[in-house]
Amino acid sequence: ARLLAESAWFSDARTPCALTYPSIASLLTSRHPVSHGVRTIYPDLGVRALPMPKLPEVLSRRGWRTSAVSGYCCTVFRELACGFDETRTPRSEAALVLGAAALRGHPWLPIWLDRPWSRALWPWMRTAVEGSDPQSVALEAGRAWRSASGPFFVTVFFDNAHLPYVPVWPE
């Protein structure tokens, strides 16, 4: 409630492109994909540099702590030069693929790993497709916020629009 009271939020926002990479680049640069150059889901390394100002960089230079938090599907925060001070996101697409393959080999594993005690033991489950849980992402965003002192900017990416792959317990 305190975070909401102190935050700016938007109830109706649109994207210029229905792909994660161009959308995030547009969100952080206030530019259209034609201008910032990120037009595909996996852009070339040269395009990922985003040489124009980005909101997290601008805020960071002015003393704000900036953070990006996401579940399994937003490695974009690490792979684009977004300018965040910290990213609490999956490490790479390759890790996601390997984790998914391991979990598919044990079909009952996601059911047991989705308990709060098991998430404490295996925190990587937050970034596994089969372990996607919006509450875990929200709790991680809360931890990022509480660890900051002074002004704070966080971008939180909930991956549940991509679901259901496996429902969250107890559903």
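Refer to the preceding data block for the structure.
Calculation rules
- Residues numbered from 1 in each chain as written.
- Predicted model: local features only at pLDDT ≥ 70, side-chain atom pairs only at ≥ 80, totals over all residues.
- Heavy atoms only, no water.
- Helix = DSSP H or I, 4+ residues; strand = E, 2+ residues; numbered from the N terminus.
- Buried < 20%, exposed > 50% of the residue type's maximum accessible area, 1.4 Å probe, protein only.
- Contact = heavy atoms within 4.5 Å.
- Areas by Shrake-Rupley, 256 points an atom, 1.4 Å probe, with all protein chains shown as cover.
- Patch = residues over 30% accessible without salt bridge, like charges linked within 9 Å, V, L, I, M, F, W, Y side chains within 5 Å.
- Salt bridge = Lys/Arg side-chain N within 4 Å of Asp/Glu carboxyl O.
- Pairing = 2+ DSSP bridges.

1. What about the overall build of the chain?
Move 1: In terms of helices and strands, the chain carries nine helices and three strands.
Move 2: In the chain, the order of α-helices and β-strands from amino to carboxyl end is α-α-α-α-β-α-β-α-α-α-α-β.
Move 3: Buried residues in the chain amount to 43% of all 171 residues.
Move 4: Sequence separation of at least 24 residues holds for 52% of the intrachain contacts in the chain that already meet a minimum separation of 6.
Move 5: For the chain, the exposed surface amounts to about 10,200 Å²; the carbon and sulfur share of it is 61%.

2. A word on a nonpolar patch on the surface
Move 1: Nonpolar side chains collect at one region of the surface, where L19, I41 and Y42 lie side by side and expose about 250 Å² of accessible area between them.
Move 2: Here L19 shows up in the loop between α1 (2-5) and α2 (20-29).

3. Quick notes on α2
Move 1: For α2, the buried fraction is high: nine of the 10 residues fall into the buried class.
Move 2: If you check which residues of α2 are buried, you get T20, Y21, P22, S23, I24, A25, S26, L28 and T29.
Move 3: On the buried face of α2, the contacting elements are α3 (33-36), α4 (55-61), α5 (76-79) and β3 (152-157).
Move 4: Backbone geometry just downstream of α2 places S30 in the positive-phi region, at approximately 60°.

4. A few points about the pattern of salt bridges
Move 1: Per the counting criterion, the structure on display carries seven salt bridges.
Move 2: Residue R2 pairs with E6 through a salt bridge whose shortest N-O separation is 3.1 Å.
Move 3: Assessed through its relative accessible area of 53%, E6 is described here as exposed.
Move 4: Connected through salt bridges with shared partners, the residues R65, E86, R88, E140 and R143 form a single ionic network.

5. A few points about unusual backbone geometry
Move 1: At S30, a position not held by glycine, the phi torsion is positive, near 60°.
Move 2: What makes S30 exposed here is its relative accessible area of 70%.
Move 3: Positive phi outside glycine occurs at L50, with the angle close to 40°.
Move 4: Examined against the element boundaries, L50 turns out to sit in the loop between α3 and α4.
Move 5: A relative accessible area of 1% means that L50 is categorised as buried.

6. A short note on the pairing of strand β1 (residues 65-70)
Look at any regular strand and the pattern is simple: side chains alternate between the two faces of the sheet.
Move 1: Along β1, five of the six residues are buried, which leaves the element largely enclosed by surrounding structure.
Move 2: With three bridges joining them, β1 and strand β2 (residues 86-88) adopt parallel strand pairing. Across the sheet, residue S67 finds its bridge partner in β2, namely E86.

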